[in-house]
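So the chains spell out like this:
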Amino acid sequence: MSEGSLKDHLINLVNALTNLSPSRNIISQLLLLTPEEQTTLSHSFPELEISEFREILRAMGVLLGDKVKCAEGSFAEALTRLIHKTFDWLDDEYLYFELTIYGSVIMEIMKKMEDVRSSLAKLTGLHIDLIPNPYLEWAKLVIEKLSRDYGKDKVMRFMKSLLSKLPLRGRDRPPSIVDEVGVEVGANPLELKEICELLVYSEGGAENIYRKGSSKHPTGYVSIVHCKYHLDPLLLEESRSEGYYYYVTYVYTARHGETLRRALEEVM
Amino acid sequence: MAERLKVEVKKQLSNFIEALMALAPSRNYVTQFLYLVKINGSIDYRILEEAYPDIVKDEHVRDAFAKAFGISFKDKIYLEPGKYGDFLAGFIDKVLRLFEDPEFLSKASSLLKEEYPQGIPNLAQEWLEVRLEGLSSQAYGGSAIKVLKEIVRVGRAKTEELERSLGMCRGDVIEAVNLLKLYGLVKEDPYGFVPSEDLRKYQKLLEGL
């Protein structure tokens with residue numbers, strides 16, 4: 001193994017993980033945007049014309065049909081998961097679950113890995129602001145791109161309005177982000193829907209990550225809401241009522257809220 | 001146009017491959033620590049204190065590592081399930097499998113001939129080489145290499161069979177196989193010790209020892 005201090009190895013590791021993020025690499029960017037129609041992807045990534053590049057993508061498990069997607073269990077699929085996890089890890093937003101037993105009931109408790117950035121700063125001797133933040137880098141790129149496409153004002157107002165309104169609650173179905181935020185943005189409904197899908201929520205994009213309650217009495221799910229560009233700023237919590245009047249409550253809360261505010265300020 | 005795109009693709013691919021290679025346990029002390037703990041499930045504190053003193057000995061470093069990666073430092077050291085260290089160690093396994101895939105290696109090496117004139121390295125083989133080299137610096141390294149060669153020769157062996165065939169005392173055989181298990185070079189099943197899959201694939205590396 002190459003020589004070097006523990007600090008050097010840690011810095012190399014964090015830099016390598018950052019260089020695998022979509023703000024630094026088109027391969028990661030392309031994989032993060034799948035599944036997607038090949039014609040759409042080819043428009044954004046003309047590199048797909050290079051046959052050798054396509055062959056390498058295939059060897060990593062990318063299926064290049066009419067729709068481009070990652071094969072189940074492939075390296076490409078594992079890399080997209082790594083990108084998501086590293087976004088959360090280096091932004092102090094990493095969620096994990098701990099099994100706890102209360103009497104005869106097994107419960108899973110959702111927690112957040114805290115102090116990751118400050119611990120890495122201690123270990124590397126770097127100032128905490130010098131620890132890379134791939135999520136922040138990606139958020140700035142996405143906001144810049146959408147500002148060019150839809151106008152800076154609309155995108156800024158949309159994101160600021162969303163962040164200021166969270167948490168958002170709905171009964172029996174999740175609240176509509178477009179309805180809640182749209183009035184203040186002033187864009188036409190079609191544009192609003194598009195911005196929403198790119199930045200906040202895409203149809204069928206909720207990933208259940210946690211079942212609330214216990215092994216005997218589940219009371220709902222917590223999901224990360226995925227959007228086209230995977231800033232994924234919402235956590236959706238579903239709670240089922242008990243008793244005669246059965247209903248379900250849905251609450252959206254913010255993920256990466258502080259970082260998104262910072263990204264908006266820096267892009268402005 | 002096509003030539004300019006190809007230059008850009010090569011630059012992107014080269015950076016991408018460099019980043020993946022930097023994660024390999026043969027090249028990074030931190031991922032080596034995480035990966036060894038992952039493949040063993042857990043490792044005795046005293047063993048890792050000796051093998052990775054920079055990480056384990058100092059209380060402040062240990063605490064910061066525990067918080068950053070999700071590692072439990074008790075009598076046994078293990079990666080806490082579902083935390084980032086556990087996830088990353090799982091991903092490293094995927095990297096090793098990709099970098100031994102002949103199709104990926106040949107296609108990427110052919111596009112990056114100038115950047116990697118010797119070809120892109122097989123990281124799984126490199127990791128095995130590092131572990132085999134590492135054995136010789138250990139207290140029971142000599143015995144471990146003898147035991148390892150014997151297990152590879154016969155395919156599967158029990159402790160008492162190794163004692164007999166190598167003329168070693170039981171204590172030395174046990175220390176040797178513990179070291180081999182720690183490095184992920186042999187696995188134990190109900191019928192004895194068998195070589196790891198890597199070792200079966202790259203058996204020729206043993207000849208140099």
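For clarity, every value in this text was computed on a predicted model and none was experimentally measured.

> Which parts of the structure should I look at to understand the sheet that holds strand β1 (residues 36-37) of chain A?
The strands that make up a sheet are held in pairs by hydrogen bonds between backbone atoms, and each pair lies either parallel or antiparallel. Residue and element names in this part refer to chain A. Spatial strand order, β1-β3-β2: three strands in an open sheet with antiparallel pairing. The open sheet has two edge strands with one neighbour each: β1 and β2 (62-64). Where β1 lies against strand β3 (residues 67-70), two bridges are found, and the strand directions are antiparallel. Within β3, the position partnered with E37 by the bridge is K67.

> How should the domain arrangement of chain A be read in this particular structure?
Many authors give the size of an interface as the accessible area that is lost as the parts come together. Residue and element names in this part refer to chain A. What the domain assignment reports for chain A is domain 1 (1-89) and domain 2 (130-267). Measuring from the centre of the C-alpha atoms in domain 1 to the corresponding centre in domain 2 gives 24 Å. Looking at the side of domain 1 that touches domain 2, the elements that each hand over two or more residues are α1 (6-19) and α5 (75-89). Of the residues that constitute the side of domain 1 that touches domain 2, the class distribution is four nonpolar, six polar and no charged.

> Sorry, what's going on with the pairing of strand β5 (residues 192-195) of chain B here?
The two faces of the sheet receive side chains in turn, since in a regular strand these alternate between them. Residue and element names in this part refer to chain B. As judged from the four bridges shared by strand β4 (residues 186-189) and β5, these two strands associate in the antiparallel manner. Bridge pairing in β5 links K187 to V194. Hairpin connection between β4 and β5: a loop of two residues separates the two successive antiparallel strands.

> Would you mind going over unusual backbone geometry with me for this structure?
All names here are of chain A. Cis rather than trans, the peptide bond between T34 and P35 has omega equal to -5°. Here P35 shows up in the loop between α2 (26-32) and β1. In this structure, the amide linkage connecting L166 to the following residue, P167, adopts the cis form with an omega of 0°. Residue position: P167 is located in the loop between α8 (152-165) and β6 (168-171). Positive phi values are uncommon outside glycine, yet D92 reaches one of about 50°. Take D92: it is sitting in the loop between α5 and β4 (95-102).

> Help me understand helix α10 (residues 189-199) of chain A, please; the structure alone is not making it clear to me.
Side chains three or four residues apart in an α-helix point the same way, a direct result of the helix having 3.6 residues per turn. Residues and elements named next belong to chain A. Those residues of α10 lying buried are L192, I195, C196 and L199. The buried residues of α10 occupy an angular sector of 100° when projected down its axis, which confines them to one face. Next to the buried residues of α10 lie α7 (134-150), α8 and α9 (177-185).

> Got a minute to help me understand the nonpolar core in this structure?
Most often, soluble globular proteins have nonpolar side chains that are buried together. By size, the foremost hydrophobic cluster in this structure holds 128 residues, and its most contacted members are M60(A), A139(A), L199(A), L34(B), V95(B), V147(B) and L180(B). If one sorts the elements of this core by residue count, helix α6 (residues 84-98) of chain B sits on top with nine residues. Setting aside residues no more than four positions away along its own chain, V147(B) makes contact with L162(B), L166(B), V173(B), A176(B), V177(B) and L180(B).

> Sorry, what's going on with the sheet that holds strand β2 (residues 71-73) of chain B here?
Residues and elements named next belong to chain B. Read from one edge to the other, the open sheet built from three strands follows the order β1-β3-β2, with strand pairing classed as antiparallel. Looking at the sheet topology across the chains shown, the edges are occupied by β1 (43-44) and β2. Pairing of β2 with strand β3 (residues 76-79), which is carried by three bridges, proceeds in the antiparallel orientation. What sits directly across from F73, in β3, is I77. Contacts from helix α2 (residues 29-40) reach β1 and β3, with the element oriented near 100° to β3.

Scoring rules and cut-offs
- Residues numbered from 1 in each chain as written.
- Chains lettered and ligands numbered in written order.
- Predicted model: local features only at pLDDT ≥ 70, side-chain atom pairs only at ≥ 80, totals over all residues.
- Pairing = 2+ DSSP bridges.
- Helix = DSSP H or I, 4+ residues; strand = E, 2+ residues; numbered from the N terminus.
- Domains from an automatic or database assignment.
- Nonpolar A, V, L, I, M, F, W, Y, C, P; charged D, E, K, R; others polar.
- Buried ≥ 20, exposed ≤ 12 C-beta atoms within 10 Å, placed from the backbone.
- Arc of directions from axis to C-beta.
- Contact = placed C-beta atoms within 7 Å.
- Core = buried A, V, L, I, M, F, W, Y, C linked by C-beta atoms within 7 Å.
- Axes fitted to C-alpha atoms, helices over the stretch in contact; angles between N-to-C directions.

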